[in-house]
Amino acid sequence: MFEDMEWNRPTAAVFGPDGALYVVDSGQDDGTDRDGEDGGSGIFRIDHVGLGALPGAAVTADRDNGSAPLTVAFTGAGSGLPGGVPVTYAWDFDGDGGTDSTEANPSYTYRAEGRFTARLTVTGPEGTTAVAGQDITVGNNRPRITVRRPADGGLFRPGDTVGFTVEVRDKEDGRNTPVDCSRILVRTRTGRAGALSPLPRSRGCRGSIVTEAGDVPRSGRYRVTMRYTDEGGPDAPELTGSASLTLRTSFQEAEDFTSTGGAHGGAVAGNSTGASGGRVLTEIEDGDWIAFDPLHLGGIRSVTVGATPCGLGGTVEFRAGSPDGPLLGSVRVPGAGHGGGDVTPTAALRSQGRGDRLYVVFTDAAWNSEKPDLFAVDWLRFHGPGDGTGTS
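Note that the structure is a prediction, hence the values are computed from the model and not measured.

(A) The environment of Ser219, seen in detail. If you trace the backbone, Ser219 turns up in the loop between β17 (204-211) and β18 (221-229). The spacing of Ser219 and Trp379 is 160 residues in sequence and 9.1 Å in space, taken between C-alpha atoms. Here the side chain of Ser219 touches Glu253 through a polar contact of 2.9 Å, landing on its backbone nitrogen. In terms of polar contacts, Ser219 uses its side chain to reach the side chain of Asp256, at 2.6 Å.

Next comes the structure, spelled out in structure tokens:
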């Protein structure tokens, strides 16, 4: 049954009054991954359509909140049936059950305040239907939240205290109204966040995250999300604004790169029983590179490379923004004949400035396709307090 569908942990299934089967999937593990995502959890609807194909329904709006009167442009792009089979559209913008438009891409002006669900019903030639909706809030503007500190991609060591500063803008609350910092929720799996305090003469708040040394692996990247919920309006519900950033541990397994490339296809992560994470970068040739995005080097003074001199040898370059971007530092890795085992050379790094993408480029002008690869890389360890860290 449902051979073309993949489930994680389906825990309940029930037929609804519309005849559709609704399945609850709890997702992987506890339903969230280490970045706070849903892990594949959700409620899924399965329709029996017999011999008639079920059309798709999708709603997109150019805005979903604002002051009254609020004009919203809708589109049903992505709805319909394959092959251009004709379908009909029926829009109910205000939730009264009537049809307000039969166009594919209509506009509607909301004059009363409140929350409305705009619904699109798409009907195929066999009478099969699909429904999609979009909530519209009139009389309240979604607050804007900006993370001023730390930088996206900043580094920390497990056990560090990471300080952060957020700024909130809310149209209804006004420019001079102090921010209620208790309404800001910090969601992270790097540790626990303490209470936030208001910034004097600013519509912002500051706080800190105490990272857990025992719960954070040696290498990893973690999503931190800041959410602020306003108080709503007399006839409009509250709204939540959010912003997020990524923090990385100062020790990074080389195979945790975001992307790889180069004239010869880039590096390859292969299994290795002696590697710190069980994998190591191999097939490294002249001009190959790996990128960590984001990774911000604010406050970082040097980096140590864990490498195995199993080939020709070469240079590891650290560049900002692109494979040929500004050179921040470099270090030499010897060839296989150097007479020792693994090496851990350290390169001094100059300030990266405002960049948030680090490229690690492997070079040796003497390499050609008749010669062996340059070396293998196991890990990178960055030294110095990361941007935004407190105790280290």
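Picking up where we left off.
(B) Representation of the pattern of salt bridges in the model. All told, the structure shown has 9 salt bridges when counted by the stated rule. The partner of Arg169 in a salt bridge is Glu167, with the nearest N and O atoms 3.7 Å apart. Classification of Arg169 as partly exposed rests on a relative accessible area of 33%. The residue Glu238 makes a salt bridge to Arg183 at a minimum N-O spacing of 3.6 Å. Taken together, the residues Glu238 in the loop between β18 and β19 (240-249) and Arg183 in the loop between β13 (161-169) and β14 (184-187) connect sequence positions 55 residues apart. Residue classification places Glu238 among the partly exposed positions, given a relative accessible area of 45%. Residues joined in a network through salt bridges with shared partners are Arg148, Glu167 and Arg169.

(C) Fine view of the state of the cysteines. Under the counting rule described, the total for this entry stands at 1 disulfide. Across the disulfide, Cys181 is cross-linked to Cys205 (sulfur-sulfur distance 2.1 Å). Residues Cys181 and Cys205 are joined by a disulfide whose S-S torsion is about -90°; by sign, that bridge is left-handed. Of the two residues, Cys181 sits in the loop between β13 and β14 while Cys205 sits in strand β17, which places them 24 residues apart along the sequence. Note on accessibility: Cys181 and Cys205 belong to one class, buried.

(D) Region of the structure containing the sheet that holds β14. Taken together, the 4 strands give an open sheet; going across it, the order is β12-β19-β18-β14, and neighbouring strands pair in mixed fashion. Every interior strand has two partners, whereas the edge strands, β12 (154-156) and β14, have only one. Recorded for the sheet is a direction-independent mean angle of 30° between the axes of neighbouring strands. As paired elements, β14 and β18 share 4 bridges and run antiparallel to each other. Pairing of Ile184 across the sheet is with Tyr228, part of β18.

(E) Structural detail: the side chain of Glu253. Residue placement: Glu253 occurs in strand β20 (residues 251-253). The residues touching Glu253, leaving out its near neighbours within four places in the chain, are Ser219, Ser276, Gly277, Phe292, Asp378 and Trp379.

(F) Geometry of the side chain of Asn141. Relative to the assigned elements, Asn141 resides in the loop between β10 (129-138) and β11 (144-149). Side-chain polar atoms of Asn141 contact the side chain of Glu172, separated by 2.7 Å. Beyond its immediate chain neighbours, meaning those up to four positions away, Asn141 contacts Asn65, Gly66, Ser67, Asp170, Lys171, Glu172, Asp230 and Leu239.

(G) Molecular detail of the nonpolar core. Counting 31 residues, the largest nonpolar core has Leu297, Val316, Phe318, Phe362 and Phe382 as the members making the most contacts within it. Put simply, the parts of the chain that give this core at least two residues each are β24 (289-292), β25 (302-308), β26 (314-320), β27 (327-333), β29 (358-363) and β30 (376-383). For Phe382, the contacting residues outside a window of four places in its chain are Leu155, Ser250, Gln252, Leu295, Leu297, Ile300, Ser302, Val303, Leu349 and Leu358. If you look at the next biggest cluster of nonpolar residues, it comprises 21 residues, including Val168, Ile209, Tyr222 and Leu245.

Calculation rules
Residues numbered from 1 in each chain as written. Predicted model: local features only at pLDDT ≥ 70, side-chain atom pairs only at ≥ 80, totals over all residues. Heavy atoms only, no water. Helix = DSSP H or I, 4+ residues; strand = E, 2+ residues; numbered from the N terminus. Polar contact = N/O pair within 3.5 Å; in protein donor to acceptor, adjacent residues only side chain to side chain. Salt bridge = Lys/Arg side-chain N within 4 Å of Asp/Glu carboxyl O. Buried < 20%, exposed > 50% of the residue type's maximum accessible area, 1.4 Å probe, protein only. Disulfide = S-S within 2.5 Å. Pairing = 2+ DSSP bridges. Axes fitted to C-alpha atoms, helices over the stretch in contact; angles between N-to-C directions. Contact = heavy atoms within 4.5 Å. Core = buried A, V, L, I, M, F, W, Y, C linked by side-chain atoms within 4.5 Å.

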